[in-house]
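Below, each chain spelled out in residue letters.
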Amino acid sequence: MNLPNTLTLIRIAMIPLFMAFLLVKMPDGTAYFPYQDFVAAGIFILASATDGLDGYFARKLKQVTNLGKFLDPLADKLLVSAALIALVELNLVSAWIVWIILAREFAVTGLRAIAAAEGVVISASKLGKLKTVTQIIAIALLILRDWPLSTLNIHIAQPMIYLALIMTIISGVDYIMKSKQLFVHSK
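In this text the structure is predicted, and so the values were computed from the model without any measurement.

Novice: Explanation requested: unusual backbone geometry in the structure shown.
Specialist: Following W147, the chain continues into P148 via a peptide bond in cis, with omega recorded as 5 degrees. If you trace the backbone, P148 turns up in the loop between α5 (126–143) and α6 (157–186). In the Ramachandran plot, N91 falls in the positive-phi region, its phi being about 60 degrees despite a non-glycine side chain. Looking at the element boundaries, N91 is found in the loop between α3 (66–89) and α4 (95–117). Backbone geometry places D146, a non-glycine residue, at a positive phi of 70 degrees. Relative to the assigned elements, D146 resides in the loop between α5 and α6.

Right under this line is the structure:
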């Protein structure tokens, strides 16, 4: 166990805490305390930030491991999936958008598992990382209901979730094409 993998595990452990702050409400649907959604967003953003940190430390400390290559994208998928499902529950995002995003995540995870069985570890691509960043921004904006931009009557959360959806599709297609080439060359 090294620092990058520990950060990844911390990210996974933060998910239930984030979910509790986002979803646990009083019986009438109001928050238990003021700014509860801001706390949830803060936990989500902090957990998301550990994604960059674990990768940075893994490279800087030369502690890149196969476990880390597996856990890091899994932690991302768990965090983003939990957030998106919660946002459907809160009626802040459409279920069909979440379904497409989750379908891509399952497909990529399946391809990674097949590649791993062939002895190939597939790291995240730049498109995949950009997809993750757009998803994180969109989710944070949705949780905060566009705050602070909403005070200026600027609402970008919905366009941002559509951008995240587009990036999800593009990176998924890219991933499938690259995986196909890997399997052709490994035979």
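Novice: Please clarify how the pattern of salt bridges should be interpreted in this entry.
Specialist: On inspection of all chains with the given rule, the structure shows 10 salt bridges. One salt bridge in this structure joins D51 and R11, with 3.7 Å as the shortest N-O distance. You can see D51 sitting in helix α2 (residues 36–60) and its partner R11 sitting in helix α1 (residues 3–23), a full 40 residues away along the chain. On the basis of relative accessible area, D51 is assigned to the buried category, the value being 18%. The class of R11 is buried, set by a relative accessible area of 0%. Note that E105 and K131 form a salt bridge whose closest N and O atoms lie 3.0 Å from each other. With a gap of 26 residues between them, E105 in helix α4 and K131 in helix α5 connect regions that are remote in the sequence. Accessibility assignment for this pair places E105 and K131 in one class, buried. Each of the salt bridges in this network shares a partner with another, and the network as a whole consists of R11, D51, D54, D72 and D76.

Novice: So what exactly am I meant to see when it comes to the environment of A49 here?
Specialist: Counting through the fold element by element, A49 comes out in helix α2. For A49 and L130, which are 81 residues apart along the polypeptide, the C-alpha to C-alpha distance reads 14 Å.

Novice: It is not clear to me how the nonpolar core should be interpreted in this structure. Could you clarify?
Specialist: Where a protein is soluble and globular, its nonpolar side chains tend to be buried together. If you look at the biggest cluster of nonpolar residues, it comprises 34 residues, and the most contacted ones within it are F18, F44, I139 and I143. Those elements that place two or more of their residues in this core are α1, α2, α3, α4, α5 and α6. Ranked by residue count, the leading element in this core is α3, at seven residues. With residues near it in sequence (within four places) discarded, F44 still touches F18, L79, A83, I136, I139, A140 and I143. Counting residues in hydrophobic clusters, the runner-up holds five residues, among them L111, A115, I122 and Y175.

Parameters at a glance
- Residues numbered from 1 in each chain as written.
- Predicted model: local features only at pLDDT ≥ 70, side-chain atom pairs only at ≥ 80, totals over all residues.
- Heavy atoms only, no water.
- Helix = DSSP H or I, 4+ residues; strand = E, 2+ residues; numbered from the N terminus.
- Salt bridge = Lys/Arg side-chain N within 4 Å of Asp/Glu carboxyl O.
- Buried < 20%, exposed > 50% of the residue type's maximum accessible area, 1.4 Å probe, protein only.
- Core = buried A, V, L, I, M, F, W, Y, C linked by side-chain atoms within 4.5 Å.
- Contact = heavy atoms within 4.5 Å.

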